[in-house]
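# Remarks on the overall topology
So you can see what is in the structure, the chains are spelled out below.
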Amino acid sequence: MRRAGVGLLALSSLALLVGYASAWWPSVAPRGVALLFAAATVLQLVAFVLLGARRRDGRLGAGWMAVVVLVALVGGILITTAAQPGSAEGEALLLGLPRRAAFVLYGVGIAPLLLLAGAFARGFAAWSATDADVARLRALRPPSDA
Amino acid sequence: MTLVIMALYLGVCLAIGVWAARQTRTAADFFVAGKRLGVWTLALASMASTLSGFIFIGGPGLVYTLGMGAVYLVLPTAVTGAIGAWVLGKRMRLLGEVRGAMTVPDAIRIRYRSPEAQGVSAVAILVATVGYTATNLLALGVVLSSLSGWPLGVSIWIGTAVVFAYSVSGGILAGIYTDLFQGTLMAAASMAVFVTALGTGGGLAGLSQTIVAHDPGFLSPWGAGTVTGALSFYFVFSVGTLAQPHVVHKFYMLRDPTRLRWYPLLMGAAMTVTLLLYIGVGLAVKAAVIRGDLAPLATPDAATPTFLRTYAGAALAGIVFAGVAAAIMSTVNAFLNVGAAALTHDLPRAVGRTLTDPLGRGRVATAIIAVLAALVAQWSGQLVAFLGIFGFGLFASTLVPALAIGLNWPGGTRAGALASIVTGLVLTLTVESLVFFKVIALPRGVSVAGAALAASTVVYVVVSALTAAQAADVDDDVRAMLEL
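This part covers empty space enclosed by the protein. Residues and elements named next belong to chain B. For the structure shown, the criterion picks out six cavities of 30 Å³ or more. Roughly 120 Å³ of internal volume is contained in the largest cavity. What lines the largest cavity is simply Thr80, Gly81, Gly84, Ala85, Leu88, Thr241, Leu242, Val247, Val248, Phe251, Tyr263 and Met267. Elements supplying a minimum of two residues to the lining of the largest cavity: α6 (77-99), α12 (245-248) and α13 (263-274).

Below, the structure is given as structure tokens:
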């Protein structure tokens, strides 16, 4: 799990650097760069979930829910909209905004808050450190810090 | 009325400072609030110190200019609470509890057994702290000057004196409880303005229809900016948030670790409510200009003041200006605290020294940084804007790999941490300087902060892989913590 997380971080960081570098080569298709950026950014977030939400048994537990939300909801919306740039002319309104802008604002900016916070709370007991963990770490402290 | 509300607000801040000064007896009280915060306090204080005056002044101006493109700067709020808690919450709390860590460079030193890494990260924090604080003090001076008519220089020093008074006397304890008051004020002001903004143009749907009919690109998914520019905002402000020292060091302060369970929900909700103003004012002013109700703005930063003058009563304007001051002052206080800790705690420890009377020296260091930042704000002209530009990016590019990845990956090494911190520091300072002084120009959509963050991450992973033998050189308690 951790190896996958670090690998994803390195690869997505390289992808972002390639995306930035492509700004100096006008022949590169902007839509391709946009898709690369959208995918790499979401993979960064997924990588941090793989690293941080991992439990002591090595499993991800409720962190999988966060991975699904990030890939399917945040990634899905960002990648789909990156593939279809263009103005909002003629778009129907959804919750007060043009449809695609509404998907971005509510789908990327609001819904993940509830879903990720819910996943965090659900998996908290299995993920967090116990008093016994703290006592064990204290016993392992180097003498200079004890 | 506006001035009366501002005076009341400043008086409450000072009163909290006096109360907190009586509670502050040790360096732990001064730097980590005696580790006695509840989760509501932690969430609101984190929100208040995360959001600076930019959210109330610069942000609505950015929405007025870029439309949906500017929204990507605040969309990460939905993910940063949970990811931050997963990545840092448990381990920083354990380092505080087991090793007495009080600062972000403390965590880096303990993780890598490296005083050098603590020293280099403290230098990065100090550089960014003075710049960011100066920018915020200048903004506070502008707000006070526009309300009172006092000269800008006088206003900067009056604003500095108030923050200085409660930061020096009560340290982070005063900061936290003023943050609590300030955060509540910011959220209330934002909600009130959002409702007023929607009322100016027939609700959100009415504003959208007006804008799309005149400028259909403005409310396209990427607004008036570039796709890569918008996604750079999203990348830097989501991943970069994982290493903002004035926010993440609050994980050390929680009284009961089990209450962390609800932190992402509370923090995210508080941030979302407070950010309503950011979007609402930008859209309302854009629609009002299109309708001809307002003249086009001379500068984007005029969006909020123009909106308040035109649509808000004196009481609401007073509350919002107090909210702006609150946002600025809570951020300044948090920066003064991490800067003072870098100066009196991290740098001495990096060279193997521990200072006597850390509480007294912490107060002196807070005073020095506040005066230095106020001098920079008053006299350095364009330099202030330059210093303010790279604060967030500098924290992100120097600290994310060593801290956020390092606390979760046993393969990270001391050499990797040092190399990534130096890469972030040199890249950010060099390229931002060259761009600011117009020696080079970057193509649209290229973000120095984003590129430096990606580069320092790659450097951390690659150098750690090349020095893999060092990975085993950690203390037993740290090794055990990394497995939890």
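Next up on the list: the packing of aromatic side chains. Under the defined criterion, the tally for this structure stands at 13 aromatic pairs over all chains. Connected via pairs of aromatic rings, a cluster forms that spans Phe120, Phe124 and Trp127 of chain A together with Trp86 of chain B. Geometry around Tyr64 of chain B places Lys286 of chain B over its ring, the cationic atom sitting 6.0 Å from the centre.

In this structure, Leu95 of chain A is a non-glycine residue whose phi angle is positive, near 50 degrees. Taking relative accessible area as the criterion, Leu95 of chain A reaches 61% and is therefore assigned exposed. Phi is positive for Arg113 of chain B, close to 50 degrees, though the residue is something other than glycine. Relative to the elements of secondary structure, Arg113 of chain B occurs in the loop between α7 (104-112) and α8 (115-148). Judged by relative accessible area, which is 40%, Arg113 of chain B ranks as partly exposed.

A word on helix α20 (residues 414-436) of chain B. Residue and element names in this part refer to chain B. For α20, with 23 residues, the first-to-last C-alpha span of 33 Å sits near the 33 Å given by 1.5 Å per residue. Buried residues of α20: Gly416, Ala417, Ser420, Ile421, Thr423, Gly424, Leu425, Thr428, Glu432 and Phe436, and no others. Where α20 ends, the next residue or the one after it, Lys438, has phi of about 60 degrees, a positive value.

This brings us to the confidence of the model for chain B. Per-residue pLDDT for chain B averages 85, and the proportion of residues at 70 or more is 94%. Looking across chain B, the model is least confident in helix α18 (residues 382-389) of chain B, with a mean pLDDT of 61, and most confident in helix α21 (residues 448-466) of chain B, with 96.

This paragraph deals with the interface of chain A and chain B. Counting from both sides, the interface comprises 71 residues of chain A and, opposite them, 73 residues of chain B. Buried area between chain A and chain B, summed over both chains or domains, comes out near 6,300 Å², and the portion from carbon and sulfur atoms is 77%. Of all residues in chain A, Tyr20, Phe48 and Phe120 of chain A bury the most surface against chain B, accounting for 11% of the area lost on that side. Where chain A meets chain B, there are two salt bridges. Residues Glu483 of chain B and Arg2 of chain A are paired through a salt bridge, measuring 3.2 Å at the closest nitrogen-oxygen approach. Mapped onto the side of chain A that touches chain B, the elements with two or more residues apiece are α1 (2-21), α2 (30-52), α3 (63-83), β2 (97-98), α4 (99-109), α5 (111-127) and α6 (131-140) of chain A. Its residues placed into classes, the side of chain A that touches chain B shows 49 nonpolar, 11 polar and 11 charged.

For the rest of this paragraph, the subject is a nonpolar patch on the surface. All names here are of chain B. A contiguous nonpolar surface patch, about 360 Å² in accessible area, is contributed by Leu434, Phe437, Val439 and Ile440. Within the fold, Phe437 resides in the loop between α20 and α21. Judged by relative accessible area, which is 53%, Phe437 ranks as exposed.

So, how was this worked out
Residues numbered from 1 in each chain as written. Chains lettered and ligands numbered in written order. Predicted model: local features only at pLDDT ≥ 70, side-chain atom pairs only at ≥ 80, totals over all residues. Heavy atoms only, no water. 1 Å grid on protein atoms, 1.4 Å probe; cavity = no way out; pocket = protein on both sides within 12 Å on 5 of 7 lines; lining within 4 Å. Points joined across faces, edges and corners; volume = space filled by probe spheres on them. Helix = DSSP H or I, 4+ residues; strand = E, 2+ residues; numbered from the N terminus. Phe/Tyr/Trp six-rings, centres within 6.5 Å; stacked < 30°, edge-to-face > 60°. Lys NZ or Arg CZ within 6 Å of the ring centre and 35° of its normal. Buried < 20%, exposed > 50% of the residue type's maximum accessible area, 1.4 Å probe, protein only. Expected span 1.5 Å × (residues − 1). pLDDT = per-residue confidence, 0-100. Contact = heavy atoms within 4.5 Å. Buried area = accessible area lost by both parts, 1.4 Å probe. Salt bridge = Lys/Arg side-chain N within 4 Å of Asp/Glu carboxyl O. Nonpolar A, V, L, I, M, F, W, Y, C, P; charged D, E, K, R; others polar. Patch = residues over 30% accessible without salt bridge, like charges linked within 9 Å, V, L, I, M, F, W, Y side chains within 5 Å. Areas by Shrake-Rupley, 256 points an atom, 1.4 Å probe, with all protein chains shown as cover.

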